[in-house]
Amino acid sequence: MIIRKAFYWWLFPSAVVLPVWLLVGWAAFHSGSGWSFLGLLVLCPILFVALLAIGGIIVARRSVRESRAVSWYDAGVLAGWNASIIAFGFFPAGVTGWLAVLGVLFFLGAFWLGLWELMTELRGRVEQTFAAYESAARPQQVPQPESPIVDDAEVIIIEERRRED
């Protein structure tokens, strides 16, 4: 549970920290041209928006908001995605391209997993809501109290007439 809660609290700060890490990592570990830095300046805002989008999809689920913890599936995919971004920030020679592809695949996995979990949870909530509406709209059968049968009871009949004026 602690790991899932940690990923919940890391969702939105990671949208800032990880792109900044790529810029810091490029300055510290990369020995390439300025064109790669220009590409990184384009990549960082895209990564920022992607991290925010995934965080928004995950937090849109009521179960996540109430428990303040992501699911284990989310935690696994987010761990892989964050690890690939952090590894990419070291710019290891010959592996950087593969880490970028791995990061994109983890993003796609996180996106579709998040949408699947969101739709599954929403479907369950909608079914519960419709079941509640159906039970409320169904006519209720009120049991009639059984009256004792009395053979020699006195009966008074009152007739009501309207006068026409």
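Calculation criteria
- Residues numbered from 1 in each chain as written.
- Predicted model: local features only at pLDDT ≥ 70, side-chain atom pairs only at ≥ 80, totals over all residues.
- Heavy atoms only, no water.
- Helix = DSSP H or I, 4+ residues; strand = E, 2+ residues; numbered from the N terminus.
- Phe/Tyr/Trp six-rings, centres within 6.5 Å; stacked < 30°, edge-to-face > 60°.
- Axes fitted to C-alpha atoms, helices over the stretch in contact; angles between N-to-C directions.
- Parallel < 35°, antiparallel > 145°, perpendicular 65-115°, else oblique.
- Left-handed = near helix turned anticlockwise from the far one by under 90°.
- Contact = heavy atoms within 4.5 Å.
- Nonpolar A, V, L, I, M, F, W, Y, C, P; charged D, E, K, R; others polar.
- pLDDT = per-residue confidence, 0-100.
- Core = buried A, V, L, I, M, F, W, Y, C linked by side-chain atoms within 4.5 Å.
- Buried < 20%, exposed > 50% of the residue type's maximum accessible area, 1.4 Å probe, protein only.

S.K.: Sorry if this is basic, but what is going on with unusual backbone geometry here?
M.R.: Negative phi values dominate among residues other than glycine, just as trans dominates among peptide bonds. Here Arg68, not a glycine, exhibits a phi torsion of approximately 55 degrees, which is positive. With a phi close to 45 degrees, Phe91 is a non-glycine residue in the positive phi region. Position of Phe91 among the secondary structure elements: in the loop between helix H5 (72–88) and helix H6 (96–137).

S.K.: I tried to follow the packing of aromatic side chains on my own but got confused; where do I start?
M.R.: The relation between two aromatic rings is expressed through the spacing of the ring centres and the mutual angle of the planes. This structure, assessed with the given rule, holds nine aromatic pairs. When the centroid spacing of 5.1 Å and the interplanar angle of 85 degrees are considered together, the rings of Tyr8 and Trp9 count as edge-to-face. An aromatic cluster is defined as three or more aromatic residues linked by ring pairs; in this entry it consists of Trp81, Phe107, Phe111 and Trp112.

S.K.: Sorry, what's going on with the packing of H5 against H6 here?
M.R.: Two quantities define a packed helix pair, namely the angle between the helix axes and the distance between the axes. Their axes nearest at 9 Å, the elements H5 and H6 cross at an angle of 155 degrees. The angle between H5 and H6 falls in the class roughly antiparallel. The chirality of how H5 crosses H6 is left-handed. Of H6, the residues touching H5 (which contributes Tyr73, Asp74, Val77, Gly80, Trp81, Ser84, Ala87 and Phe88) are Thr96, Leu99, Ala100, Leu102, Gly103, Phe106, Phe107, Gly109, Ala110, Leu113 and Glu117. When its residues are assigned to classes, the contact of H5 with H6 shows 12 nonpolar, five polar and two charged.

S.K.: Teacher, can you tell me more about the confidence of the model for the protein here?
M.R.: Detail in the predicted coordinates should be disregarded across regions flagged by low pLDDT. Confidence along the protein averages 90 in pLDDT terms, with 95% of residues attaining 70 or more. Across the protein, element-level confidence peaks in H5 with a mean pLDDT of 96 and bottoms out in H6 with 93.

S.K.: Explain the nonpolar core here, please?
M.R.: Soluble, globular proteins show a tendency: their nonpolar side chains are buried together. Formed by 27 residues in total, the largest nonpolar core has its most connected members in Leu22, Leu40, Ile58, Val70, Leu78 and Trp81. Taken together, the elements giving at least two residues each to this core come down to helix H1 (2–10), helix H2 (14–29), helix H3 (34–59), H5 and H6. The element contributing the most residues to this core is H3, with eight residues. In this structure, Trp81 is in contact with Leu47, Ala50, Leu51, Ile54, Gly103, Phe106 and Phe107, ignoring residues within four places of it in sequence.

S.K.: Quick question: what am I supposed to make of the packing of H3 against H6 here?
M.R.: Here H3 crosses H6 at 20 degrees, and the two axes come no closer than 9 Å. The orientation of H3 relative to H6 falls into the category roughly parallel. Like other packed secondary-structure pairs, H3 and H6 cross with a definite hand, here left-handed. Contacts between H3 and H6 involve Ala50, Ile54 and Ile57 on the former and, on the latter, Phe107, Ala110, Phe111, Gly114, Leu115 and Leu118.

S.K.: Can you help me understand the environment of Phe90 in this one?
M.R.: Considering the arrangement of structural elements, one finds Phe90 in the loop between H5 and H6. Between the C-alpha atoms of Phe90 and Gly25, which are 65 residues apart in sequence, the distance is 5.5 Å. Among residues more than four places away in sequence, those in contact with Phe90 are Trp21 and Phe29.

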